[in-house]
Amino acid sequence: MNARPRVAVIGAGISGLACALTLERHGIFPDIFEQRHRSGETFPHVGGILQLLNRPVKDQVAYLHQKLGLPIRPLARLQKVVMHAPNASGTVTGNLGYLFLRGQDEGSVESQLSSLLQSPVRYNCRADWRELSGKYDFVVVADGTDQAPRTLGLWQEIISTWVRGAAVLGDFDPHTLLMWLNTSYCRHGYAYLTPFSRRRASLVLIVTDSNADEAEEMWRLFWKVEKLPYQEVESFSLPHTSGYCYPPQVGNVLLVGNAGGFMEPFLGFGLMGALKSGFLAGLAIAQGTPYTALTAGLRRQILQALSYRRLLNSLSDAHFNVLVKLLAAPPLKQLIYHTNIDIFKYGALTLDLIERLTQKIRPRNRRMPVP
Ligand SMILES: Cc1cc2nc3c(=O)[nH]c(=O)nc-3n(C[C@H](O)[C@H](O)[C@H](O)COP(=O)(O)OP(=O)(O)OC[C@H]3O[C@@H](n4cnc5c(N)ncnc54)[C@H](O)[C@@H]3O)c2cc1C
């Protein structure tokens, strides 16, 4: 193989762009294929990186810049989360993370990453990883789908959801995220509102085990039950399946982002997993390090998130009421939001232990392969 390997990146979404930028920093200029005419979903929305889910890192924007070489400007700091269950509400405040613009607009994460790239992206060009794997030293599949890992027999589906969302107009605090838990309209999913600005926000409903028609019905019910005072201006509806993929590399094919199962199945937005896996794929190729080993820590985080996800799947509205009250209760609030303890990790270990201890008395989900 040449000193500088030939690399193809399929997909100029966030994981593909993070990978390409990392390769470029190591003097490797990949061929990037993107089926759309530019990067990002055709509709704008606002995603986040929650500090709680990414501890012990204190500042995720600084971490992305300093450790991953990805200088991404957020829309705003997240300073308040208001949680609503059917009969309870709770508020937490603090340095809770960041909100980011997603999509094709100027300032979106996709546009910011694209503008840092030196290699040209071949837009309007749909690529086939099987064909390219015979032509390049490495093929990075960053297409945001489970097609490649399914074909390779590496995919285990975890949760199937339908995402119904819209841009809405109203009065918003740009630093506040609103969230709703209610089985009547989300089943075991959730809904959230993340502001673009004081006047405009992204409203998203995630319904488990659903389809487009059902999600539409649930969307209408959500607005009715919560008496939402907003005006819907731009809507979208799409399926979203979370899965676990192991190993994320077969031969010269590396799977990143959603294609590698680097998702955030519990109250995440999929941003950190996609960026980190793209970065690690670039590093693995540039340094000749095994990608599967490099991504072991990321997979452990996903398994932690899955423990919580399983918990969410077993809760009723009565549980949600208690949970929201608990999360906003002063002693727990102090421990969770005003320290930097990795609550998420220790909580997941506890949940896993409880699950192991109780597995003799109730059926449990299939265990994932150890990373
Ligand atoms: C409202 C909303 C909420 C979400 N919530 C979550 C969440 O909670 N947790 C989570 O994990 N994820 C979530 N996601 C998904 C999240 O955005 C993704 O995790 C993230 O974008 C993954 O990045 P990616 O690079 O893997 O894929 P993408 O950003 O989807 O990029 C893939 C790119 O590849 C291109 N492409 C596809 N096939 C080809 C081909 N054959 N040739 C060339 N180009 C191709 C596509 O056009 C696209 O640009 C959410 C998405 C939306 C819209």
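Everything that follows concerns the structure shown earlier in this document.
What counts and how
Starting from 1, residues in each chain are numbered consecutively following that chain's sequence as written. Reporting of local features is limited, given that this is a predicted model, to residues whose pLDDT is at least 70; pairs of side-chain atoms are given and counted only at 80 or more, and all residues count toward the totals for whole chains, interfaces and linings. As a convention, hydrogens and water are excluded, and side-chain values are obtained from all of the structure's heavy atoms. Secondary structure counts use DSSP, requiring at least four H or I residues in a row for a helix and at least two E residues in a row for a strand, with both numbered from the N terminus. Buried means the residue's accessible area, taken with a 1.4 Å probe over protein chains only, is under 20% of the maximum for its type, while exposed means over 50%, and partly exposed covers the values in between. It only takes one pair of heavy atoms within 4.5 Å for two residues to be counted as in contact. The method behind every accessible area is Shrake-Rupley, applied with a 1.4 Å probe, and residues are considered shielded solely by the protein chains displayed. In plain words, nonpolar cores are sets of buried Ala, Val, Leu, Ile, Met, Phe, Trp, Tyr and Cys residues tied together by side-chain atoms within 4.5 Å. Two strands form a pair only when DSSP identifies at least two bridges running between them.

Enquirer: Help me out: how do you make sense of the overall build of the protein in this one?
Expert: Each helix and strand counted, the protein has 13 helices and 14 strands in total. When burial is assessed residue by residue, the protein has 53% of its 371 residues classed as buried. Looking at the protein alone, contacts between residues at least 24 apart form 72% of all its contacts between residues at least 6 apart. In the structure as shown, the protein presents an accessible area of about 16600 Å², 53% of it carried by carbon and sulfur atoms.

Enquirer: It is not clear to me how the nonpolar core should be interpreted in this structure. Could you clarify?
Expert: Nonpolar side chains tend to gather and get buried jointly when the protein is soluble and globular. Judged by nonpolar contacts, the single largest core of 46 residues is most densely connected at Leu113 and Leu275. At the level of secondary structure, the elements contributing two or more residues to this core comprise strand S1 (7-10), helix H1 (14-25), helix H2 (60-66), strand S5 (88-102), helix H3 (109-116), strand S7 (138-141), helix H8 (271-287) and helix H10 (296-314). The dominant element in this core, judged by the number of residues it contributes, is H8, at 10 residues. With near-sequence residues (within four places) excluded, Leu275 lies in contact with Ile14, Ala18, Leu64, Leu70, Ile72 and Leu113. By size, the runner-up hydrophobic cluster in this structure holds 32 residues, among which are Phe43, Leu78, Val92 and Val163.

Enquirer: Would you explain the side chain of Ser277 in this entry?
Expert: Position of Ser277 among the secondary structure elements: in helix H8. Once residues lying within four places of it in the same chain are set aside, the contact partners of Ser277 are Ser15, Val256, Gly257, Phe262, Tyr291 and Leu298.

Enquirer: Which parts of the structure should I look at to understand the sheet that holds strand S14 (residues 253-255)?
Expert: Pairing is mixed in the open sheet, where six strands are placed in the order S6-S2-S1-S7-S14-S13. Two strands in the sheet have a free side with no partner beyond their single neighbour: strand S6 (121-122) and strand S13 (249-250).

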